[in-house]
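Each chain, letter by letter, is given below.
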Amino acid sequence: MNSKTQNISAEQQDILDGLTSEQKNINPKYFYDHHGSKLFEKITELEEYYPTRTELNILADKADEIATFINKGSLIVEPGAGNCTKIEYLLEAIHPSVYVPQDVSEEFLQMSAARLSQRYPWLHVEPIASDFSDPIVLPAKYQNMQKHVFYPGSTIGNFEPEAAVQFLKNMHQLVGNNGGIILGVDLHKENDILHAAYNDEEGITAQFNLNTLRHINQILNSNIAIDQFSHHAIYNSSKQRIEMYLRSKTEQSYSILGHEIQFEPGELIHTEHSYKYTLDGIAELAEKAGFSLQKSWLDEDELFSVSYLKS
């Protein structure tokens, strides 16, 4: 073993594996250091970026209808809950007795849980701080409750199709045969709308994508020149997915933890796929995972959907 590589952490190895692959790639989880999270908040407020505001409008307008599929006093789990703000659009209508937000950032999660507990004194909030890839294990005292998953934001679109099915199978196992999932999904649509959403005029999405290099530089103790890369995002209509990359402007080479990483001019580092679905595609996805699509609520322009899948 090269002596330079003996003390590489699992996280460093994960990044190196991506950078030394035939198609260089960086796991999209490296978007989200503190600065990246702040940039994503800015993205959600951009005029071109419709998903967040469109989904929130659907949740606000259709909360009472969504609630008809869920028994009052049930348990709601939210994987990757972040700041726990979206669930607030549904809490009064659904009126669960227990809300279980899961997220990797324990301090942030505890702050969000405390805020919700103060605002909704009738709600028991039980946060679970764990990595997104870890199984969610509920306390035994909740096993006999009706359970539902809340999974907004079209985060399901960031999974490759097979992984999306597996994720939903895991959620089916979590809720059992008497529950369901409230799923936010971005819809397949005209190229120009999607292109604008991921190539905003202010360049915030470009900053967000390029920030990934700054983040991995910190982890790898490397000096990849961020200004020698550019943001590149396209909509692959045939595969119904946004493909996001970092493109090398020049020929460049870096020595990182015993590895020589070379980039050709125009070479792409893949950073994200964001799949878009049709309603039929959502129904098919649900069926493969053991759910059945009960109803989808759309905005008037049919840009986004919130669906209820029953186990």
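Remember, predicted model here, so these are calculated numbers, not experimental data. (Residues numbered from 1 in each chain as written. Predicted model: local features only at pLDDT ≥ 70, side-chain atom pairs only at ≥ 80, totals over all residues. Heavy atoms only, no water.)

Moving on, we come to the domain arrangement of the protein chain. Domain annotation of the protein chain identifies domain 1 (10-36 + 192-275) and domain 2 (50-189 + 276-310). Computed from C-alpha atoms alone, the centre-to-centre distance between domain 1 and domain 2 is 29 Å. The interface of domain 1 with domain 2 comprises 13 residues on the first partner and 13 residues on the second. Carbon and sulfur atoms make up 50% of the area that domain 1 and domain 2 hide from each other, which totals about 1100 Å². (Domains from an automatic or database assignment. Contact = heavy atoms within 4.5 Å. Buried area = accessible area lost by both parts, 1.4 Å probe.)

Our focus in this paragraph is the pairing of strand β7 (residues 229-236). Judged by how many residues are buried, β7 sits mostly within the fold: 6 of 8 residues are covered. By the bridge criterion, 8 bridges tie β7 to strand β8 (residues 241-248) in an arrangement that is antiparallel. Following the sheet pairing, N236 is matched in β8 by R241. Counting the residues in the hairpin turn of β7 and β8 gives 4 residues, including Q240, whose phi is positive at 55°. (Buried < 20%, exposed > 50% of the residue type's maximum accessible area, 1.4 Å probe, protein only. Helix = DSSP H or I, 4+ residues; strand = E, 2+ residues; numbered from the N terminus. Pairing = 2+ DSSP bridges.)

This brings us to the sheet that holds strand β11 (residues 268-275). An order of β7-β8-β11 is seen for the 3 strands of this open sheet, with the pairing classed as antiparallel. Where the open sheet ends on each side, the last strands, each with one partner, are β7 and β11. Taken pair by pair, the neighbouring strands of this sheet meet at an average axis angle of 20°, ignoring direction. In this fold helix α7 (residues 191-198) packs onto β7, β8 and β11, with an angle of close to 155° to the strand it touches most, β7. (Axes fitted to C-alpha atoms, helices over the stretch in contact; angles between N-to-C directions.)

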